[in-house]
Amino acid sequence: MSRTTETIMETSTRFLSLFRTLVGTTILGLSLTLGTPVHAGGAVCVGDCHNSGAVSISDLLTLVSIALETLDASECPSGLASGPPVAVDVILQAVNNALDGCAGASAALCGNGHIDPGEECDRGGTCIGGTNAGTACSADSQCEGEGVCVGGSKELTACASDAACPGGKCIKCKTFGGDGCAANCTLESTVFFNLVPGTGNVPGTSGAVIHGAGAPLPLTIARGDAAFLIGKARHGTIPMVVKASSVQFSPISAGTFYCTCVRGVARKTCGGTLFDADGAGSDDCTPQFTTGESACASKKPCAFVLGDGNSYAGVVGCAVGALTDIDVGLTQDSGGSSSPVVSSPFTYSGGPARAGSALLFISQAIGNVGGPCTGTSLTYGSDGEFCTDDDPYFARGAPATLPYTTGTASAEVLNADGGDGRDIGPFAVTGQPLDCQNVFNPLAGATLANTFTFLGQGLFGDGVVTTVLTGQ
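The paragraphs below set out a description of the structure included in this document. Predicted, not measured: the structure shown is a model, and the values here were computed from it.

### Describing the overall build of the protein
Phase 1 of the analysis: When helices and strands are counted, the protein shows four helices and 27 strands.
Phase 2 of the analysis: Here the protein, with 472 residues, has 48% of them falling under the buried criterion.
Phase 3 of the analysis: Looking at the protein alone, contacts between residues at least 24 apart form 64% of all its contacts between residues at least 6 apart.
Phase 4 of the analysis: Element-wise, carbon and sulfur atoms account for 56% of the exposed surface of the protein, whose accessible area totals about 20600 Å².

### A closer look at the nonpolar core
Phase 1 of the analysis: Core analysis: the largest hydrophobic core is formed by 58 residues, its most contacted members being Phe-228, Phe-249, Tyr-312 and Leu-469.
Phase 2 of the analysis: The element contributing the most residues to this core is strand 22 (residues 357-370), with five residues.
Phase 3 of the analysis: By size, the runner-up hydrophobic cluster in this structure holds 17 residues, among which are Cys-45, Cys-76, Leu-80 and Val-90.

### A short note on empty space enclosed by the protein
Phase 1 of the analysis: In total, this model carries three cavities of 30 Å³ or more according to the counting rule given.
Phase 2 of the analysis: What the second largest cavity holds in volume is close to 40 Å³.
Phase 3 of the analysis: As for the second largest cavity, its lining consists of Phe-193, Leu-195, Gly-224, Asp-225, Ala-226, Phe-249, Tyr-312 and Leu-469.
Phase 4 of the analysis: Per-element tally for the lining of the second largest cavity: the top contributor is strand 11 (residues 224-230), with three residues.
Phase 5 of the analysis: Looking at side-chain class alone, the lining of the second largest cavity contains six nonpolar, one polar and one charged residues.

### A word on the pairing of strand 9 (residues 207-211)
Phase 1 of the analysis: Within strand 9, five of the five residues are buried, which leaves it mostly tucked inside the rest of the structure.
Phase 2 of the analysis: Of the two faces of strand 9, the one carrying Gly-207, Val-209 and His-211 and the one carrying Ala-208 and Ile-210 are both buried.
Phase 3 of the analysis: Bridging between strand 9 and strand 27 (residues 461-470) involves five bridges; their strand directions are antiparallel. Considered in strand 27, the bridge of His-211 is made with Val-464.

### Some thoughts on the packing of aromatic side chains
Phase 1 of the analysis: Inspection of the entire model under this criterion finds three aromatic pairs.
Phase 2 of the analysis: Measuring from centroid to centroid gives 5.8 Å for Phe-228 and Tyr-312, while their planes differ by 80 degrees, and the two rings are edge-to-face. One end of the pair, Phe-228, is in strand 11; the other, Tyr-312, is in strand 18 (residues 310-317), and 84 residues separate them in sequence.
Phase 3 of the analysis: Here Tyr-312 falls in the buried class, since its relative accessible area comes to 4%.
Phase 4 of the analysis: Within the aromatic cluster, the residues linked to one another by ring pairs are Phe-193, Phe-228 and Tyr-312.
Phase 5 of the analysis: Note that Lys-268 overlies the ring of Phe-304, its terminal NZ or CZ placed 4.6 Å from the centroid.

### What about the state of the cysteines?
Phase 1 of the analysis: Taken as a whole and assessed by the stated rule, the structure comprises 11 disulfides.
Phase 2 of the analysis: Across a sulfur-sulfur distance of 2.1 Å, Cys-49 and Cys-76 are joined as a disulfide pair. Here the S-S torsion is close to -90 degrees, and the disulfide linking Cys-49 with Cys-76 is therefore left-handed. Taken as a pair, Cys-49 in the loop between helix 1 (5-23) and helix 2 (57-67) and Cys-76 in the loop between helix 2 and helix 3 (88-100) lie far apart in primary sequence, 27 residues in all. Here the two residues Cys-49 and Cys-76 agree in accessibility, since each one is buried.

Rules of the game
Residues numbered from 1 in each chain as written. Predicted model: local features only at pLDDT ≥ 70, side-chain atom pairs only at ≥ 80, totals over all residues. Heavy atoms only, no water. Helix = DSSP H or I, 4+ residues; strand = E, 2+ residues; numbered from the N terminus. Buried < 20%, exposed > 50% of the residue type's maximum accessible area, 1.4 Å probe, protein only. Contact = heavy atoms within 4.5 Å. Areas by Shrake-Rupley, 256 points an atom, 1.4 Å probe, with all protein chains shown as cover. Core = buried A, V, L, I, M, F, W, Y, C linked by side-chain atoms within 4.5 Å. 1 Å grid on protein atoms, 1.4 Å probe; cavity = no way out; pocket = protein on both sides within 12 Å on 5 of 7 lines; lining within 4 Å. Points joined across faces, edges and corners; volume = space filled by probe spheres on them. Nonpolar A, V, L, I, M, F, W, Y, C, P; charged D, E, K, R; others polar. Pairing = 2+ DSSP bridges. Phe/Tyr/Trp six-rings, centres within 6.5 Å; stacked < 30°, edge-to-face > 60°. Lys NZ or Arg CZ within 6 Å of the ring centre and 35° of its normal. Disulfide = S-S within 2.5 Å.

The following block contains the structure:
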């Protein structure tokens with residue numbers, strides 16, 4: 001568990017007070033040899049002497065007695081990560097776990113359908129990635145077949161084991177937020193993310209820029225907002241989701257050339273993953289955009305990628321290093337004059353991220369029509385306007401799920417527009433972290449950055465789009 005020096009000193013003071021009150025002796029009787037800090041994780045929660053999933057006052061007294069050599073270490077069979085002697089840092093970690101819950105144990109318990117120590121709610125989870133994807137569950141053992149990678153370089157990819165998820169874990173029964181209970185089993189609150197209007201090439205505003213063979217074309221976002229459902233900090237991170245129904249963007253105009261409409265989508269795929277285990281994209285089965293459930297005939301069941309009704313889902317790390325590798329890169333090989341198109345998955349790098357960093361996945365559909373965003377020449381729907389609720393689905397584009405980061409996002413196209421060695425980019429944009437101390441609106445001033453590639457798009461051909469979303 002990451003903590004600042006001030007927090008550690010405060011915890012130490014609380015420990016000393018607790019120790020003197022309950023044990024009636026002084027710290028001088030303890031071994032003061034500090035070793036490598038022990039962090040709760042895996043099967044060991046430091047201080048949980050009886051594997052109960054929480055550290056009790058009785059457990060703390062047992063640790064102190066072991067440190068004073070009045071009890072044998074065998075009295076704490078499951079709560080010592082490295083065995084005796086019990087040093088001060090071990091007891092401090094146990095106190096932290098008593099105050100905040102056991103990171104490893106609590107994380108495992110979240111999603112079991114019971115409110116355990118350190119939790120405020122627990123709705124259970126949903127099977128993802130396997131042959132019964134989309135069904136309710138309270139443990140991985142209830143989910144059949146594969147799971148999904150959470151974290152690491154293969155985020156949202158189907159997996160059979162942790163070995164298939166470098167830097168992450170393979171989860172079968174996954175928790176989602178959006179129903180009042182966040183993915184980390186804390187209660188959610190609503191925070192509105194209202195965008196600063198602008199263009200993608202003006203710092204501090206929101207917008208996008210199309211980069212192709214010609215001059216960059218900035219796109220103006222006049223209005224955009226969404227209601228974020230945010231949990232509480234637990235084990236260094238805060239989960240957040242956004243319902244597709246709350247995402248609102250004004251039409252984005254590229255002058256008189258064409259009009260773009262961005263919509264939030266509660267995307268579904270066969271298995272609920274972005275990629276199958278072999279790296280191929282999971283088949284889309286989002287209702288209305290596709291044939292729905294029938295698109296998954298003889299395949300894995302159709303399931304939500306980011307949770308029921310969710311368009312956005314991700315986490316914020318409110319301590320330095322709580323998140324790692326949030327810089328996102330994408331390389332698309334267009335194939336040049338004769339080679340086939342070759343796609344590369346997103347890559348994640350950057351090491352420990354600064355406080356307030358976030359990585360979110362956003363499912364959206366981007367539709368385009370030729371001409372301006374207003375005017376009688378647009379015949380979509382009964383109102384003659386594009387980007388309204390009566391637009392037919394064939395004009396709304398295809399659902400896609402992309403990573404947005406407060407770090408740096410970059411993308412490039414190789415061998416573009418049929419030319420061997422003709423590259424576009426890389427182009428990059430950088431976000432800004434959230435303010436975790438602003439309890440009323442931690443999203444104010446935060447910037448989410450994204451890049452993606454496109455191929456063979458009319459007048460633009462191949463290219464890269466950079467997007468920044470900055471909150472007011």
